[in-house]
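Residue-level structure breakdown
The chain contents come next:
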Amino acid sequence: MRLILLRHGESEYNRRGLCNADPAVPVPLTPAGLSQARAAARQLADAPIRRVFVSRLRRAQETAAIVNACHGAHIRVDARLDDRNTGFEDLPVADYLDTQRRAPDPFGWKAPGGESYHELVARVHDFLAEVCALDEAAVLVVTHHQVMQAAAGYFQRLAPADMWRVWVDNGAMLEFDTADAC
């Protein structure tokens, strides 16, 4: 199966450099993010997508709706695809990254009320194990940067430090053949 992971288009919080993992905080796409979603839709127009998975966050759902408009696929919301709960909601991403970097174990560290990178990776890998069992030609997953890092780790068998170095821009995709890892 062809598994296509798409990072949502640029959001208002991406533009402002703020953390958001709370689905109750409605963070929409920017005009640039809408353009990125439309570009992804054009790129995927001929893909045989019949199933779409998306996080609970508005920016991912807006992106998924735009891409799915030409497919009419079944969309399933899955909390395991949500952005990492940093514990820094509405605070600068730079502050969160600086705090994590200074931790003795940056991948096990978590802020009060947040989740560690290891916890994020575990929930994403659990999701991917389920998706790999599907009988589909292609599945689209619309999600977030660190979720895509964890997916790259799953399929490429990367350690957390190597996953962390995977960079995915807004509106960019990673593709995997599930036969390679499932």
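Residues numbered from 1 in each chain as written. Predicted model: local features only at pLDDT ≥ 70, side-chain atom pairs only at ≥ 80, totals over all residues. Heavy atoms only, no water.

This part is about the sheet that holds strand E4 (residues 138-143). Read across the sheet, 5 strands follow the order E3-E2-E4-E1-E5 without closing on themselves; strand pairing throughout is mixed. A strand with exactly one partner marks an edge of an open sheet, and here the two such strands are strand E3 (74-77) and strand E5 (173-177). When the angles between neighbouring strand axes are averaged without regard to direction, this sheet yields 20°. Strand direction decides the pairing type here: strand E1 (residues 2-7) and E5, joined by 5 bridges, are antiparallel. Paired with Leu6 across the strands is Met173, a residue of E5. (Pairing = 2+ DSSP bridges. Helix = DSSP H or I, 4+ residues; strand = E, 2+ residues; numbered from the N terminus. Axes fitted to C-alpha atoms, helices over the stretch in contact; angles between N-to-C directions.)

To continue, consider the environment of Leu158. Along the chain, Leu158 turns up in the loop between helix H6 (145-156) and helix H7 (160-164). Contact partners of Leu158, with chain neighbours within four places excluded, come to Ala152, Gly153, Met163 and Val166. (Contact = heavy atoms within 4.5 Å.)

As a further point, take unusual backbone geometry. Even without being glycine, Asp90 reaches a positive phi, approximately 65°. Of note, Asp90 is situated in the loop between E3 and helix H4 (93-102). Relative accessible area serves as the criterion here: at 37%, Asp90 is assigned to the partly exposed category. One non-glycine residue, Arg157, lies in positive phi territory at about 55°. When you line up the elements, Arg157 lands in the loop between H6 and H7. On the basis of relative accessible area, Arg157 is assigned to the exposed category, the value being 62%. (Buried < 20%, exposed > 50% of the residue type's maximum accessible area, 1.4 Å probe, protein only.)

On to the side chain of Gln149, then. Counting through the fold element by element, Gln149 comes out in helix H6. In this structure Gln149 comes out as buried when scored by relative accessible area, which is 1%. Dropping the residues within four chain positions of it, Gln149 is found in contact with Tyr117, Met163, Trp164 and Val166.

Structurally, the α-helix is built with 3.6 residues per turn, so residues lying three or four positions apart point the same way. Here H6 is 12 residues long and its end C-alpha atoms lie 16 Å apart, about the 16 Å a rise of 1.5 Å per residue gives. Taking burial as the measure, the 12 residues of H6 include 11 buried ones, the bulk of the element. The complete set of buried residues in H6 reads His145, Gln146, Val147, Met148, Gln149, Ala150, Ala151, Ala152, Gly153, Tyr154 and Phe155. The inward-facing, buried residues of H6 abut E1, H4, helix H5 (117-131), E4, H7 and E5. A positive backbone phi angle near 55° is found at Arg157, which sits one or two residues after H6. (Expected span 1.5 Å × (residues − 1).)

Here we take up the side chain of Asn170. Mapped onto the elements of the fold, Asn170 is located in the loop between H7 and E5. Taking the relative accessible area as the measure of exposure, Asn170 reaches 19% and is therefore buried. Here His8 takes part through its backbone oxygen, which lies 3.2 Å from a polar atom of the side chain of Asn170. If sequence neighbours within four positions are ignored, Asn170 has contacts with Arg7, His8, Gly9, Glu10, Asn14 and Gln36. (Polar contact = N/O pair within 3.5 Å; in protein donor to acceptor, adjacent residues only side chain to side chain.)

Orientation of H5 relative to H6, taken along the N-to-C sense of each, is 65°, at an axis distance of 9 Å. The way H5 lies across H6 gives a crossing that is right-handed. Contacts between H5 and H6 involve Tyr117, Leu120, Val121, Arg123, Val124, His125, Leu128 and Ala129 on the former and, on the latter, Gln146, Val147, Gln149, Ala150, Ala151, Gly153, Tyr154 and Phe155. When the residues that make up the contact of H5 with H6 are grouped by side-chain class, the tally is 11 nonpolar, 4 polar and 1 charged. (Left-handed = near helix turned anticlockwise from the far one by under 90°. Nonpolar A, V, L, I, M, F, W, Y, C, P; charged D, E, K, R; others polar.)

Let's shift gears to the pairing of E3. Of the pairings in the sheet, the one linking strand E2 (residues 49-54) to E3 comprises 4 bridges and is parallel in character. Pairing of Val54 across the sheet is with Val77, part of E3. Handedness of the crossover is the feature at issue here: the chain leaves E2, passes through helix H3 (residues 58-68), returns alongside E3, and the resulting connection is right-handed. (Right-handed = clockwise from strand over helix to strand, strands pointing away.)

Nothing here speaks to function; it is geometry throughout.
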